[in-house]
Amino acid sequence: MSNPVDSKSPGGDPAEVEAHAAYVDHGADLDEKAMPAAYKADAIEAENAEHNMGVLEAVRLYPMASFWAFVMSTTIIMESYCVFLMGAFVAMDEFKNTFGVEDKDGNMQIEASWQSALQMGGPLGAIIGVCIAGPITSRIGYRWATIGGLMLLNAFIFVFYFANSLAVMFVSQLLEGVPWGIFIANAPAYCSEIVPIKLRAPATQMLQMFWAIGAIIVGGVCYVYESKLDPVAYRIPIALQWMFPTPLAILLYLAPESPWWLVRKGRLEEAAVSVRRLGRASVLTNIDESIAMMRRTIELEKTEKEPSYLELFKGTDTYRTLIVCGVYAAQNLTGNLIANQAVYFFRQAGIDSNLAFALGLITSALQTVFVMLSWILTSYLGRRTIYVWGSLINVCFLVALGIAGSVPKSTASSLAMASLGLIVSVGFTLGPAPASWVIIAETSAIRLRPLTTGIGRAAYYIVNIPCIFLATYMLNTTGVDLGGRCGYVWGATGFVCFVVSYFYLPEMKGRSFREIDILFKRRVPARQWKNTVIDINDDE
């Protein structure tokens, strides 16, 4: 996508510009048989226009691209809602009285093993979802793959709602995880492909915002129902999951397919229609040039073979795959699990039930605000800067949390642990979390993107599952009951993530997909990307 004004046009007079645009022959741009040299000039014009476009100008010219990215990002609410719901249930008195056992102090608790199982059921199912999402999306497109996942989720919510034992709830989470995997594999890729360069950061970071919004909805619902003394306390929050899938499926049916996916499939005319729908039709005059830019980039990656998982681990694609997998996996190791179990963490820190749920709601609201602030930071300071140094700052707060948990138990230490837990949860959404979505969306090769985002999210879940067991075991009174001292553990793992990202994570701010391809193929060291210049005429 590019600036609507043809930069080869002779002047600022609208009539003259329009006449010039009509005169220039863009026939090769949509000709499937045209050689790359025939449309290279138009591709260069489109890429230059995107580089010169400001953030506000991009929003003005492509309002519908921003809207459809917003819609696709909303699918993340479903996973977020259920993840935080299970975290809230294990802290809910009625849920514990129904399904729990007495601990050493005579209080009802969900056993650590079941607590871990309930929270790992979704990730286990999601591993299946992300693995099937890549091949399905490569074949039928982002829209239809996601719509299929939404319809599956509608059906699987019935199992969760009517579950009368922890075992059935575990199965329901396993089933719901499959469509979650499809959503999380497709959303960052789709969002990055339908917007101009300057909007890639905010478009993909909306995923983290909707993750926080899912937590806000859970926090509000559970705050209202947690005092109920009958099964309504947990049945209503489960039933509210049905408010998302069908409206989203209808909206996605109306959405345009990613023009990059259509170009990969050789459907150039449809891709042009898609670009027209994403932009402001009244001012777009060089849609064909945008298609030429996409064709030029895809030509760099051209191969006779269909995309396969094996390709992800060949040549420079191995490095790209490892970055995506590493950034995804690191989300579990830099304080994210404290954020996901915020209410339970507050309860274990000695905060009473009502205040714990209120703090959980405040945490989620602050996360939403901080994600919005991260749009500005990531757009202007860069992805690498925010991710690397944000990780280090989070490590410092995690160590401080460990220190607060090491002092004798008192009201002051409980409040200190709760405050630091809140800071870690909120700080994570200002630095590493939102930046990671942009990195994930930009790193992979265009033709391998559905597969790369899928395998990367699988890496997240593979690390997430043992971390859930570890986090639960560290916090639960039937486990080792570390409380705030868990900050030492997450601080150590977070520091390892900081060191690895410092040496191996490149800066992709302001780079077109063509430039990113070339930088990886030239094996430019990560810390040199920012200062490396790629000529606009380079195709290798």
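Below, the structure is looked at part by part. Not measured: the values here are computed from a predicted model.

As for the overall build of the protein
A count of helices and strands for the protein gives 25 helices and 2 strands. Taking all 540 residues of the protein together, the buried fraction comes to 59%. Summing over all exposed atoms, the protein offers an accessible surface of approximately 20100 Å²; the carbon and sulfur share of this is 65%.

Observations concerning the environment of Ile455
Structurally, the position occupied by Ile455 is in helix H23 (residues 449-475). Along the chain, Ile455 and Val130 lie 325 residues apart, while their C-alpha atoms are 6.7 Å from each other. Contact partners of Ile455, with chain neighbours within four places excluded, come to Tyr309, Leu312, Thr321 and Cys325.

What to know about the packing of helix H20 (residues 383-406) against helix H24 (residues 486-504)
Closest axis-to-axis distance for the H20/H24 pair is 8 Å, and the angle between their directions is 160 degrees. With respect to their mutual orientation, H20 and H24 come out roughly antiparallel. Considering the relative orientation of H20 and H24, their crossing is left-handed. Split by residue class, the contact of H20 with H24 holds 14 nonpolar, 7 polar and 1 charged.

Quick look at the side chain of Asp317
Checked against the element boundaries, Asp317 lands in helix H16 (residues 316-330). In this structure, Asp317 is buried with no salt-bridge partner, the nearest side chain bearing the opposite charge being Arg320 at 4.3 Å. Ignoring sequence-local partners within four residues, the contact set of Asp317 consists of Glu311, Leu312, Ala445 and Leu448.

What to know about the side chain of Gln241
Checked against the element boundaries, Gln241 lands in the loop between helix H11 (232-239) and helix H12 (245-254). Under the relative-accessibility criterion, Gln241 is labelled buried at 4%.

Quick look at the pattern of salt bridges
Summed over all chains, the structure comprises 10 salt bridges. Here Arg200 and Glu442 are joined by a salt bridge, their closest N and O atoms 2.9 Å apart. Of this pair, Arg200 sits in helix H10 (residues 200-225) while Glu442 sits in helix H22 (residues 432-443), placing them 242 residues apart in sequence. By relative accessible area, Glu442 is classed as buried at 1%. Ionic pairing is found between Arg320 and Asp517, a salt bridge with its closest N-O pair at 2.9 Å. Linking Arg320 in helix H16 with Asp517 in helix H25 (residues 513-521), this pair joins segments that are 197 residues apart in sequence. Judged by its relative accessible area of 3%, Arg320 is buried. It is possible to trace a salt-bridge network through shared partners that takes in Glu47, Arg296 and Arg514.

Examining a nonpolar patch on the surface
Nonpolar side chains collect at one region of the surface, where Ile128, Ile132, Ile136, Ile140, Trp144, Ile250, Tyr253 and Leu254 lie side by side and expose about 750 Å² of accessible area between them. Mapped by element, the contributors of at least two residues to the nonpolar patch are helix H7 (112-140) and H12. Inspection of the secondary structure assignment puts Ile128 in helix H7.

A short note on the nonpolar core
If you look at the biggest cluster of nonpolar residues, it comprises 122 residues, and the most contacted ones within it are Leu85, Phe89, Met92, Phe95, Phe160, Met169 and Ile291. Of all the elements, helix H9 (residues 166-194) adds the most residues to this core, at 12 residues. Filtering out sequence-adjacent residues up to four positions away, Leu85 remains in contact with Phe160, Val218, Cys222, Pro237 and Ile238. Of all hydrophobic cores here, the second largest spans 8 residues; its members include Val424, Ala471, Cys486 and Trp490.

Digging into the packing of aromatic side chains
Tallied over the entire structure, the rule returns 25 aromatic pairs. Between the aromatic rings of Phe67 and Trp68, the centroid separation amounts to 4.9 Å while the plane-to-plane angle is 65 degrees, which identifies the pairing as edge-to-face. We classify Phe67 as partly exposed; its relative accessible area is 35%. The exposure class of Trp68 is buried, given its relative accessible area of 7%. On the numbers, 5.8 Å between centres and 90 degrees between planes, the contact of Tyr328 with Trp437 is edge-to-face. Of this pair, Tyr328 sits in helix H16 while Trp437 sits in helix H22, placing them 109 residues apart in sequence. Among the aromatic residues, those joined into a ring-pair cluster are Trp389, Phe495, Phe498, Tyr502 and Phe503. Note that Arg200 overlies the ring of Phe513, its terminal NZ or CZ placed 4.4 Å from the centroid.

Rules used in this analysis
- Residues numbered from 1 in each chain as written.
- Predicted model: local features only at pLDDT ≥ 70, side-chain atom pairs only at ≥ 80, totals over all residues.
- Heavy atoms only, no water.
- Helix = DSSP H or I, 4+ residues; strand = E, 2+ residues; numbered from the N terminus.
- Buried < 20%, exposed > 50% of the residue type's maximum accessible area, 1.4 Å probe, protein only.
- Areas by Shrake-Rupley, 256 points an atom, 1.4 Å probe, with all protein chains shown as cover.
- Contact = heavy atoms within 4.5 Å.
- Axes fitted to C-alpha atoms, helices over the stretch in contact; angles between N-to-C directions.
- Parallel < 35°, antiparallel > 145°, perpendicular 65-115°, else oblique.
- Left-handed = near helix turned anticlockwise from the far one by under 90°.
- Nonpolar A, V, L, I, M, F, W, Y, C, P; charged D, E, K, R; others polar.
- Lys, Arg positive; Asp, Glu negative; His and termini not counted.
- Salt bridge = Lys/Arg side-chain N within 4 Å of Asp/Glu carboxyl O.
- Patch = residues over 30% accessible without salt bridge, like charges linked within 9 Å, V, L, I, M, F, W, Y side chains within 5 Å.
- Core = buried A, V, L, I, M, F, W, Y, C linked by side-chain atoms within 4.5 Å.
- Phe/Tyr/Trp six-rings, centres within 6.5 Å; stacked < 30°, edge-to-face > 60°.
- Lys NZ or Arg CZ within 6 Å of the ring centre and 35° of its normal.

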